[in-house]
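Breakdown of the fold
Each chain is listed here by its residues.
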Amino acid sequence: MERGGRAALGLLALGALLGLCALPPPAPGPERGEPRRGGQKTFRALLAVGREQQQQQQQEEEEEAAGRAAPVRRGIFWSRELEARVPPGFAAEEAASWPAAARAARVSSLERGGCGRSSNRLARLSDGSRACVRYGVSPEQIQGEALSYHLAGVLGMQQRLPPMALALVEPRGRQWEPVREELRGSLWAEGAVVSLTRWVDNLTAVVAPAPWGAEAGGGRRPQALSAAELGGLPAAQLVELVQWSDLILFDYLTANFDRLASNLFSLQWDPRVMRRATSNLLRGPDGGLVFMDNEAGLVHGYRLLAVWDPYHEPLLRSVCVFREGTARRVAELHRRRSAAAELRRRYRAREPLWAHLGFLSERQAELLQARVDFVHRHIAHCRAQAAAL
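In this report, the structure presented in the accompanying data block is examined. (Residues numbered from 1 in each chain as written. Predicted model: local features only at pLDDT ≥ 70, side-chain atom pairs only at ≥ 80, totals over all residues. Heavy atoms only, no water.)

Let's talk about the overall build of the protein
Worth spelling out the cut-off: Under the DSSP-based scheme used, a helix requires at least four consecutive residues in state H or I and a strand at least two consecutive residues in state E, with every element numbered from the N terminus. Burial status follows relative accessibility: with a 1.4 Å probe on protein chains alone, a residue under 20% of its type maximum counts as buried, one over 50% as exposed, and anything between as partly exposed. For this analysis, residues touch if any pair of their heavy atoms sits within 4.5 Å. Shrake-Rupley sampling with a 1.4 Å probe provides the accessible areas, and residues are treated as covered by the protein chains on show and by no other component.
In terms of regular secondary structure, the protein is built from 14 helices and ten strands. Sorting the 389 residues of the protein into buried and exposed places 52% on the buried side. Partitioning the contacts of the protein with sequence separation of at least 6, the portion at a separation of at least 24 is 79%. With an accessible surface of roughly 18400 Å², the protein has 52% of that area assigned to carbon and sulfur atoms.

In structure tokens, the structure reads:
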């Protein structure tokens, strides 16, 4: 489930038109001289059919009106109709229940493969569920995974990330005792903190949507598109682009280079990289995007800003349409200057093992706030551009 670093970006646009359903012709009346038995019942039945047809036609007219509505409102926000069509992803109840369930279950087996690097394992739990157990090359990777997950919650994007919890590797403890022998062969350090991410079946690869894949495939960096250029795109592509706009913003805030930024970096020797499957981005069974494997975010990514920001910033500037809820949360974090404080509050409240990994350093907290401020200024710039059209 982990992949190297490639990616893609997003645009924006509108839904397909639905056909109108015509009312059926009136039912033939009785022949001349035929007795009108059950006439009243027939008349009522016709009325009922007529009402059903009218309701169906009204519903289809409403859907058709939604399809004609502009995909962007107020110049920079996706329409409510498009946002309503985005697959729901992982439910908040599922995210809330997973940590306790994952930590309470015993690990029945550990298997190689399916969860990225060779140090990771696919765990089968005693409650019948499965989880990817990630053992970082360094603790900061697990810290980055956990902090990125909870930052997505602060931003209102957590439904796009699989439920995750931290666990301690204790071979003599109740949870890990059934796989004590397998742990010896894993070379995991006793007492190490690992992440337990809920396994998701039937994930499929995602390729950067057109025309971004074609743009990048020509060796050029992506160019921003405005709302005026979105007409004609099918509804399904627009719905996916709503999610891409969140992904690009999220990766900028976390400085996660192991997805989109590395793809831009690779363009210098691989002009077709954006036309292939995007690393660490998959499609769930409901059709929604799944932001996978975020361990390069925040901690590791912030150490390498000098290398990767020349790629992060063009990616952010390539999007000038946003989910209104995302923009509102960014504005609030900017106004209150509270990005690190809110992340810390959420992390400590939802993750009992947070102290084993610690939080952001003071410098990293300042970098997070600075990146929130930069995104806020970018959104304001997009708004000013849209107003000038």
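Brief notes about the packing of helix α7 (residues 235-254) against helix α14 (residues 362-388)
Rule in force here: To obtain an axis, a line is fitted to C-alpha atoms, over the contacting stretch when the element is a helix, and the angle between two such axes runs from 0 to 180 degrees between their N-to-C directions. Under the convention adopted here, Pro, Cys and the residues Ala, Val, Leu, Ile, Met, Phe, Trp and Tyr are nonpolar, Asp, Glu, Lys and Arg are charged, and Gly plus all remaining residues are polar.
Running from N to C, α7 and α14 cross one another at 145°; their axes reach a closest spacing of 8 Å. Of α14, the residues touching α7 (which contributes Leu249, Tyr252 and Leu253) are Leu368, Arg371, Val372, Phe374 and Val375. Each residue belonging to the contact of α7 with α14 can be placed in one class, and the counts come to seven nonpolar, no polar and one charged.

What to know about the pattern of salt bridges
Here is the rule we go by: Throughout this description, the term salt bridge denotes a Lys or Arg side-chain nitrogen within 4 Å of a carboxyl oxygen of Asp or Glu.
All chains considered together, the criterion is met by 23 salt bridges. Of the charged contacts in the structure, one is a salt bridge between Glu140 and Arg303, with a shortest N-O distance of 2.7 Å. Remark: Arg303 occurs in helix α9 (residues 299-303) and Glu140 occurs in helix α4 (residues 139-155); sequence separation between them is 163 residues. According to the relative accessible area criterion, Glu140 is buried, its value standing at 18%. For Arg172, the salt bridge goes to Glu190, with nearest N and O atoms at 2.6 Å. Here Arg172, found in the loop between β6 (164-168) and α5 (180-186), pairs with Glu190, found in the loop between α5 and β7 (193-198); they are 18 residues apart in sequence, far enough to count as distant. When salt bridges that share partners are traced, they join Arg73, Arg74 and Glu324 into one network.

Thoughts on the state of the cysteines
Here is the rule: Pairs of cysteine sulfur atoms within 2.5 Å are what we label disulfides.
Taken as a whole and assessed by the stated rule, the structure comprises two disulfides. Residue pairing for Cys115: its cysteine sulfur links by disulfide to Cys132, the two sulfurs lying 2.0 Å apart. When the S-S torsion is -80°, as for the bridge of Cys115 with Cys132, the disulfide is left-handed. Taken together, the residues Cys115 in the loop between β3 (107-111) and β4 (121-125) and Cys132 in strand β5 (residues 130-134) connect sequence positions 17 residues apart.

Side note on the environment of Glu362
Turning to its location among the elements, Glu362 is positioned in helix α14. When its relative accessible area of 65% is taken as the criterion, Glu362 is described as exposed. Remark: the alpha-carbon pair of Glu362 and Ala340, spanning 22 residues in sequence, is separated by 9.3 Å.

A short note on the sheet that holds β3
Stated formally: In this scheme, strands are said to pair when DSSP sees at least two bridges between them.
On the basis of which strands lie adjacent, the open sheet formed by five strands has the order β3-β4-β5-β7-β6 and antiparallel pairing. Each of the sheet's edge strands pairs with one partner strand only, and the pair in question is β3 and β6. Each strand axis lies, on average, 30° off the axis of its neighbour in the sheet, ignoring direction. Contacting β4, β5, β6 and β7, helix α3 (residues 92-104) runs over the sheet at an angle of about 20° to β6. Its contacts with the sheet place α4 against β5, β6 and β7, and it is angled at close to 145° to β6.

Quick look at the pairing of β7
Counting buried residues along β7, five of its six residues qualify, which places the element largely inside the surrounding structure. Taken together, the four bridges between β5 and β7 define a ladder with antiparallel strand orientation. Paired with Cys132 across the strands is Thr197, a residue of β7. Sheet analysis places β6 next to β7, joined by five bridges and oriented antiparallel. Within β7, the position partnered with Met164 by the bridge is Thr197.

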